[in-house]
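A structural walkthrough
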Amino acid sequence: MFKKIKLFLFQNKTIKQTIVKNTFWLSFGELVGRVLRVGVVIYAARVLGAEGWGIFSYAITFAAMFTIFSDIGLSSVLTREVAKDPLNRNRYFSTILVFKMILVIIFFAVTLLTVPYFTKIPLSRLLIFLTALILVFDSLRNFGNCLFRAVEKMEREALINIVTQGVILIAGMFILFKYPSPENLALAYAIGSAGGLLVSIIFLAPYLKKIFSHFDKTLLKSIFITAYPFALGGVLGAIMINTDTIMIGWFKGAQEVGFYSAAQKPILFLYVFSGFIAGAIFPALARFAQKDNERFRFLLEKGLSLIFLLALPFSVGIFLIAPQLIYFLYGVEYQPATTTLQILAATIITAYSSGMITNSIFAYNRQKILIGYAAIGALGNVILNALFIPLWGIEGAAISTVFTQILSIGYAWKKMKEINNFSIFKSVKKPFLAALIMGGAVVFFQWLKIPLLITIPSAALVYFGALIIFKEKLFGEIREIIEI
């Protein structure tokens, strides 16, 4: 029995078994990693207070803005090309890694030299250095994970993620207990990121030994042509994702940044579930694109159906329990983040479909579409933030995020339908009704003053119970996906 489980979880046999295995490992690694990260986030937010937590969040956001240039879509190109052409994986890995290392070094230096001149919130040079170092380690580690995804060895990615977050939790708790400060929190993150990168290097050793002998400069042109839409899209995407925090810092201050970051964390935690499905299915999408449009459409529709089965109850639930959740996680100091969390709950529905849609566009080699998708989000977010933050503060930033996500994912959705005319609206009717019933149950539980830790699992039981009553083919959908 143990041998069969081991073979199932650590070897790729069939498409069905491989998708199940990869989904399991992505889910397991991300869930355990996120739970470990939540531990240090909650502790740090409480120990540092809203202002100290805001300073750290602001620094990490600024570093992320600059280090996005160190990838310019190279990781995505690696995943797709290796999945499509396994025989040339060493050539692609070595060539792209050398290119990426050069960019990492350049933009690490740019970050250190320029960030102090772009921020209104005072950031120490040590904090800037450590946050830039974190993102260098993360960038290189994630690059390795892209290779593991391409060869469908997600168990390695899971282990690396767990090690990274586990070390961050241990180092963060120990260091902050004795010396609480944004700089020391950044140090804990850097130690954890370095630990995860070390494990990744161990797995990548066979590829790294011959990195220069497999380097092929003739691939550089095709890599650049494939990657440049991602470079533009990546820059615009970085603006779209990080604009809220940066502009709150410009218009308001570190405390407001802390409140907004606190509201974002539960939402970002839930975002990961859609990534499980999108990440596990992407290699199969890449194989079917332009070769078998019917199977591609079937896989896309079923994947999106499962994503909405998760998104609808999460969005409704977070909106209703937001006051209790903020108090439970962070304490009374962070209550001003409650309304922001309720607004951001709507983004779960919009954001959940984005990963599957953008992956599908990329699988068809139509990545230029993603530039328009990111441009709408980036420019819309900047303009609306400039209008809404001075008026409504962090709630204005959240409203801006909701509107821009609706516009940008709506654009990508429309373009994907033009490529392969999929449809899922019939399949979301029952989950929508079940989510409404669950919402009514949550309101009733709150009226009875039932504790949050009992309300959450009870609401989940109500939701899945409603799906069963409606004869929703949830488990059939999962089986159809893995049998394709």
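Preceding this paragraph is the structure being described.
Residues numbered from 1 in each chain as written. Predicted model: local features only at pLDDT ≥ 70, side-chain atom pairs only at ≥ 80, totals over all residues. Heavy atoms only, no water.

Okay, the overall build of the protein chain next. A count of helical and extended segments in the protein chain gives 17 helices and zero strands. Across the 484 residues that make up the protein chain, the buried fraction comes to 56%. Contacts in the protein chain between residues at least 24 apart in sequence constitute 82% of all its contacts with a sequence separation of at least 6. Carbon and sulfur atoms make up 71% of the accessible area of the protein chain, which totals about 21300 Å². (Helix = DSSP H or I, 4+ residues; strand = E, 2+ residues; numbered from the N terminus. Buried < 20%, exposed > 50% of the residue type's maximum accessible area, 1.4 Å probe, protein only. Contact = heavy atoms within 4.5 Å. Areas by Shrake-Rupley, 256 points an atom, 1.4 Å probe, with all protein chains shown as cover.)

Bringing the packing of helix 6 (residues 154-178) against helix 7 (residues 182-208) into the picture now. Angle between the axes and distance between the axes: these two values describe a pair of packed helices. Running from N to C, helix 6 and helix 7 cross one another at 155°; their axes reach a closest spacing of 8 Å. What the angle tells us is that helix 6 and helix 7 run roughly antiparallel. Remark: the crossing between helix 6 and helix 7 carries right-handed chirality. Its residues placed into classes, the contact of helix 6 with helix 7 shows 15 nonpolar, eight polar and one charged. (Axes fitted to C-alpha atoms, helices over the stretch in contact; angles between N-to-C directions. Parallel < 35°, antiparallel > 145°, perpendicular 65-115°, else oblique. Left-handed = near helix turned anticlockwise from the far one by under 90°. Nonpolar A, V, L, I, M, F, W, Y, C, P; charged D, E, K, R; others polar.)

Side chains that differ in sign of charge can pair as their charged atoms come close. Across all of its chains, the model carries four salt bridges by this definition. Arg297 is the salt-bridge partner of Glu294, the closest N and O atoms lying 2.8 Å from each other. Note that Glu294 and Arg297 are positioned in helix 10 (residues 293-330) at a spacing of three residues, about one turn of the helix. By relative accessible area, Glu294 is classed as exposed at 54%. Between Lys414 and Glu418 there is a salt bridge, with its nearest N and O atoms 2.8 Å apart. Here the residue Lys414 and the residue Glu418 both occupy positions in helix 14 (residues 394-419), the gap between them amounting to four residues, near one helical turn. A cluster of three or more residues bridged by salt bridges with shared partners is formed by Lys414, Lys415 and Glu418. (Salt bridge = Lys/Arg side-chain N within 4 Å of Asp/Glu carboxyl O.)

Before going further, it helps to spend a moment on a nonpolar patch on the surface. The grouping of Leu379, Ile383 and Leu387 at the surface amounts to a nonpolar patch, some 310 Å² of accessible area in total. Tracing the sequence through the fold places Leu379 in helix 13 (residues 369-392). (Patch = residues over 30% accessible without salt bridge, like charges linked within 9 Å, V, L, I, M, F, W, Y side chains within 5 Å.)

Further remarks concern the packing of aromatic side chains. Evaluated as defined, the whole model comprises 13 aromatic pairs. Relative to Tyr352, the ring of Phe314 has its centre 6.4 Å away and its plane inclined at 75°; by these criteria the two rings are edge-to-face. Highlighted residues: Phe314 in helix 10 and Tyr352 in helix 12 (residues 347-363), separated in sequence by 38 residues. Given a relative accessible area of 23%, Phe314 falls into the partly exposed group. (Phe/Tyr/Trp six-rings, centres within 6.5 Å; stacked < 30°, edge-to-face > 60°.)

Quick look at the nonpolar core now. In terms of nonpolar packing, the biggest core is built from 106 residues, with Leu123, Leu185, Phe296, Tyr334, Met356, Ile357 and Met416 touching the most fellow members. Grouped together as the second largest cluster of nonpolar side chains are 19 residues, Leu97, Val98, Phe148 and Ile211 included. (Core = buried A, V, L, I, M, F, W, Y, C linked by side-chain atoms within 4.5 Å.)

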